[in-house]
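These are the residues of each chain, in order.
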Amino acid sequence: MESAPVDSRPSSCVSNFVLRFSCKGHDKSISALKFSPDGRFLASASSDKTIKIWDVVTWQYLRTLQGHLMGVSDISWSSDSTFICSGSDDRTVRIWNAQTGELVKTLWGHANYVLSVSFNPPCNLIVSGSFDETIKLWDVKAGLLLKTIQAHSDPVTSVNFNRDGTLIASSSFDGLCRIWDTASGQCLKTLIDDDNPPFSFARFTPNGKYILAGTLDNTIKLWDYRTGKCLKTYQGHSNTKFCMSGCFSLTEDGDFMVSGSEDNSVYVWDLQTREVKQKLQGHTGPVLAVDCHPVLPILASGAMEDDRTIKIWQNIQVLQQTVDSAQRSTDMEL
């Protein structure tokens, strides 16, 4: 099988994530978690109609973004960590100032639930995917709809820009993952799994060369979207009912892929060998939301109704090495 590295780090990974904090505040299921690009904040979205902001240093609650009329399905940070866009079952996409909690704009246009949203890197565009089977592209500054793409024949479960914003990946219950040209709205490639299971999510890898996609048959695959070939398959977790996310944790000790699971656990795989390195237990409900800190070896996970907590997992060994290295660098600069 062809190797598909996301980076050039060692392929032998040591995963030592342990539970450090449990954050409570939402009244219903946690639907999405996203660290800010600058690593200072964690945003959580919930079926309770709200988005909450947490401080990454103290893990204290900071503020609530309130205004949606129904549950919030997904959130995305702007690249400068100032704004958040959100998609909701109330059929709207909303833009918030994450630092003040102010609602900046409300974007109307979808005919059904908005399941996924994503800022492009320059933060002048937002893409949204909906239960109405369409993808919509929005002008952030003007708050106007630029383009509607009849993307799939079933609900769109995720949308995601690549690293330079020129491409959009979408996934759907129709069993297709598609790559779109942002400028023209044309479909450039369609990825089809052999058994055609519904897609739970799809996202570009950090280097923009591959697609990580989960399907509702307990499987996550790494695809070369240019050739349409599946390069790696990750299994061990449980996912047949709910849409959930996956993320990458890139540390000095190696590259990990992380996903929630319907067995109330968080799974950590070695990205290269596909081996399950850790099964993190502590939640009491299915884990649908996970995200990885952009710099530090920290994972966040959020669970459904019976649990409603956000749990913070830290790779203690690597984190201490990072802190020690930063301290030595500071000492040398002084």
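Calculation criteria
Residues numbered from 1 in each chain as written. Predicted model: local features only at pLDDT ≥ 70, side-chain atom pairs only at ≥ 80, totals over all residues. Heavy atoms only, no water. Helix = DSSP H or I, 4+ residues; strand = E, 2+ residues; numbered from the N terminus. Buried < 20%, exposed > 50% of the residue type's maximum accessible area, 1.4 Å probe, protein only. Contact = heavy atoms within 4.5 Å. Areas by Shrake-Rupley, 256 points an atom, 1.4 Å probe, with all protein chains shown as cover. Polar contact = N/O pair within 3.5 Å; in protein donor to acceptor, adjacent residues only side chain to side chain. Pairing = 2+ DSSP bridges. Patch = residues over 30% accessible without salt bridge, like charges linked within 9 Å, V, L, I, M, F, W, Y side chains within 5 Å. Salt bridge = Lys/Arg side-chain N within 4 Å of Asp/Glu carboxyl O.

Peer 1: With reference to specific residues and values, describe the overall build of the chain.
Peer 2: Scanning the chain from N- to C-terminus turns up one helix and 28 strands. When burial is assessed residue by residue, the chain has 55% of its 334 residues classed as buried. The long-range share in the chain, meaning contacts at least 24 apart out of those at least 6 apart in sequence, stands at 45%. Summing over all exposed atoms, the chain offers an accessible surface of approximately 13700 Å²; the carbon and sulfur share of this is 48%.

Peer 1: I'd like a rundown of the environment of S200, residues and numbers included.
Peer 2: Locating S200 in the fold gives a position in strand β18 (residues 199–204). Expressed as a C-alpha distance, the spacing of S200 and F242, which sit 42 residues apart in the sequence, is 7.4 Å. When near neighbours in sequence (up to four residues on either side) are disregarded, S200 contacts T157, S171, G214, T215, L216, N239, F242, C243 and M244. A distance of 2.8 Å separates a polar atom in the side chain of S200 from the backbone nitrogen of M244.

Peer 1: So, the environment of S158: which residues are in play, and what are the values?
Peer 2: Along the chain, the position of S158 falls in strand β14 (residues 156–161). Sequence spacing of S158 and F201 is 43 residues, and the spatial spacing of their C-alpha atoms is 5.3 Å. Not counting the four nearest positions on each side in its chain, S158 is found in contact with S116, A169, S170, S171, F201 and A202. Within polar-contact distance, the side chain of S158 engages the side chain of S171 at 2.6 Å.

Peer 1: Any details on the pairing of strand β27 (residues 298–303)? Residues and values, ideally.
Peer 2: For β27, the buried fraction is high: six of the six residues fall into the buried class. Residues I298, A300 and G302 of β27 are buried on one face, and the alternating residues L299, S301 and A303, pointing to the opposite face, are buried as well. Bridge analysis of strand β26 (residues 287–292) against β27 gives five bridges, and the strand direction is antiparallel. By the bridge assignment for β27, A289 is matched with G302.

Peer 1: Lay out unusual backbone geometry in plain terms, naming residues and giving numbers.
Peer 2: Despite not being glycine, E133 shows a phi value in the positive range, around 80 degrees. By secondary structure assignment, the location of E133 is in the loop between β11 (125–130) and β12 (134–139). In this structure, R274 takes a positive phi of about 70 degrees despite not being glycine. Following the sequence through the fold, R274 ends up in the loop between β24 (265–270) and β25 (276–281). For R274, a relative accessible area of 34% translates into the label partly exposed.

Peer 1: Please provide a residue-by-residue account of a nonpolar patch on the surface, values included.
Peer 2: A cluster of nonpolar side chains, L69, M70, Y113 and F131, forms an exposed patch at the surface whose accessible area comes to about 370 Å². Residue position: F131 is located in the loop between β11 and β12.

So far we have only geometry, and geometry alone does not tell us how the molecule works.
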